Amino acid sequence: MIPSIEWVNNKVKMIDQTILPRELKFLEFDNYRDVATSIKVMNIRGAPAIGVAAAMGMALATIEYKELPKEPFLKKMEEAAEVIRKTRPTASNLFWAVDRIWKIISKYPDNPSNISELVIEEAKLMAQEDINVNKNIGKNGAALLDDGDVVLTHCNAGSLATVQYGTALAPVRAAIEGGKKISVIADETRPRLQGARLTAYELQYDKIPVKVISDTSSGLIMRLGKINKVIVGTDRVTSDAVFNKIGTYLVALAAKDNNIPFYVAAPTSTLSLQETVDDVTIEQRDSKEVSCVLNEVQIVPDGVDCLNYAFDITPFRLVTGVITEDGVFSHDELLKKYK
Ligand code: MRU
């Protein structure tokens, strides 16, 4: 797949993921407010891609304000950081990215013009690092896959959810690059259909065999022996659980009941092991996303409200292992290495 987000000529260029698979269209933004909106409305989505978008949004803000004296510059940058932080509450990477950019800003408080160059370089570096991290997740995860495996995944934690290559789909890509025959079954992932629209799109684009199932099918598919492993991505890993797209918990329960390994692919930028589940805000989105399929076909009677939690919580007892850029870890090992 082509990169989902890039820094091009002092603009942020991204794939508009809301209209895939119908159209592959690019958006370009030259100010942080538009980047913040693009995160909110999910032109760009997926925890690592959101992180890089946040960093690039901060970089655009430095360009906008670099002629200001130090104090007003810092004030404007704080405002920009706040707008970006408020876009989506669950993915760790968003906060991780703004904090990382803020470290650069606070190190060089006397020359905003110089800071702008440094922040742009840092944002570009974060994009490149994302690809490297994903490739290592791929290498570590590929070792878990056997020739002929069928991997179930939920939502989209692929190239589109990152800068490139993906997290949960990285082991699939790496195993195939290493000569194994691997195919994917993608849950459609109501209500935004990231599995049906995005995972299917990017795998087909890269000629990796993929089938889509309705979310309600995964339990039966496991029972019928049609998949060998589950790999999902994550938006935040706390000391006691994994937060990922709504529906992940049910997949993990079904996997446990069917003795199928359930792996979580997590770059270390997604780890938030000083927190527990009680510290995390689960994003609730507009109920219309549930009542009206892709904002086009209303399927719920007028006047009936819907609940639309965007993420759920999978406790570690259901997780076989966490694949990071450093290796594959059990719950205990993960805490020991990173907490
Ligand atoms: O609401 P989304 O589409 O941003 O949710 C994405 C997911 O839940 C992904 O699994 C997660 O961000 C990991 S992406 C590598």
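What counts and how
Residues numbered from 1 in each chain as written. Predicted model: local features only at pLDDT ≥ 70, side-chain atom pairs only at ≥ 80, totals over all residues. Heavy atoms only, no water. Domains from an automatic or database assignment. Contact = heavy atoms within 4.5 Å. Buried area = accessible area lost by both parts, 1.4 Å probe. Salt bridge = Lys/Arg side-chain N within 4 Å of Asp/Glu carboxyl O. Buried < 20%, exposed > 50% of the residue type's maximum accessible area, 1.4 Å probe, protein only. Helix = DSSP H or I, 4+ residues; strand = E, 2+ residues; numbered from the N terminus. Pairing = 2+ DSSP bridges. Core = buried A, V, L, I, M, F, W, Y, C linked by side-chain atoms within 4.5 Å. Near = heavy atom within 4 Å. Polar contact = N/O pair within 3.5 Å; in protein donor to acceptor, adjacent residues only side chain to side chain. Nonpolar A, V, L, I, M, F, W, Y, C, P; charged D, E, K, R; others polar. Axes fitted to C-alpha atoms, helices over the stretch in contact; angles between N-to-C directions. Parallel < 35°, antiparallel > 145°, perpendicular 65-115°, else oblique. Left-handed = near helix turned anticlockwise from the far one by under 90°.

This part takes up the domain arrangement of the protein chain. Segmentation of the protein chain into domains returns domain 1 (5-135) and domain 2 (137-338). The gap between the C-alpha centroids of domain 1 and domain 2 is 25 Å. Each partner contributes residues to the interface: domain 1 has 32 residues there, and domain 2 has 36 residues. Carbon and sulfur atoms make up 53% of the area that domain 1 and domain 2 hide from each other, which totals about 2800 Å². Two residues, arginine 88 and glutamate 283, come together in a salt bridge whose shortest N-O distance is 2.9 Å.

Right, let's talk about the pairing of strand 1 (residues 5-8) for a bit. On strand 1, burial follows the alternation: Ile5 and Trp7 on one face are buried, whereas Glu6 and Val8 on the facing-out side are not. Relative to strand 2 (residues 11-15), strand 1 runs antiparallel, the two sharing 4 bridges. Of the residues in strand 2, the one forming a bridge with glutamate 6 is lysine 13. Connecting the antiparallel pair strand 1 and strand 2 is a turn made up of 2 residues, with asparagine 9 showing a positive phi of about 50 degrees.

The subject of this paragraph is the environment of glycine 321. Looking at where glycine 321 falls in the secondary structure, it is placed in strand 14 (residues 321-324). The sequence separation of glycine 321 and valine 151 amounts to 170 residues, and the corresponding C-alpha distance is 15 Å.

Counting 43 residues, the largest nonpolar core has Ile5, Val12, Met56, Met58, Ile84 and Ile105 as its most contacted members. Within the residue set of this core, elements represented by two or more residues are strand 1, strand 2, strand 3 (26-29), helix 1 (32-40), helix 2 (47-65), helix 3 (70-85), helix 4 (92-107) and helix 5 (112-142). Residue contributions to this core peak at 12 residues, all from helix 2. If near-sequence neighbours (up to four positions away) are discounted, methionine 58 is found in contact with Met77, Ala80, Ala81, Ile84, Val98, Ile101, Trp102, Ile105 and Val119.

A separate point is the site of the ligand. Residues in close proximity to the ligand total 17 residues, the closest being Arg45, Arg88, Gln194, Asn244 and Lys245. Between glutamine 194 and the ligand, the recorded distance is 2.8 Å, taken from a side-chain N or O atom to an oxygen atom. For the shell around the ligand, the class distribution of residues is 7 nonpolar, 6 polar and 4 charged. The residues that make up the shell around the ligand include at least three from each of domain 1 (5-135) and domain 2 (137-338).

Right, let's get into the pairing of strand 13 (residues 311-315). Across the 5 residues of strand 13, 4 count as buried, placing the element largely inside the fold. In the sheet, strand 9 (residues 241-245) pairs with strand 13 via 5 bridges, with the strands oriented antiparallel. The partner of valine 242 across the bridge, within strand 13, is threonine 314.

So, about the packing of helix 2 against helix 4. Where helix 2 meets helix 4, the axes come as close as 7 Å, and the angle between the chain directions of the two elements is 30 degrees. Classified by the angle between their axes, helix 2 and helix 4 sit roughly parallel to one another. Considering the relative orientation of helix 2 and helix 4, their crossing is right-handed. Facing Ala47, Pro48, Ile50, Gly51, Ala54, Ala55 and Met58 of helix 2, the residues of helix 4 in contact are Asn93, Leu94, Ala97, Val98, Ile101, Trp102 and Ile105. Here the contact of helix 2 with helix 4 is composed, by residue class, of 12 nonpolar, 2 polar and no charged.

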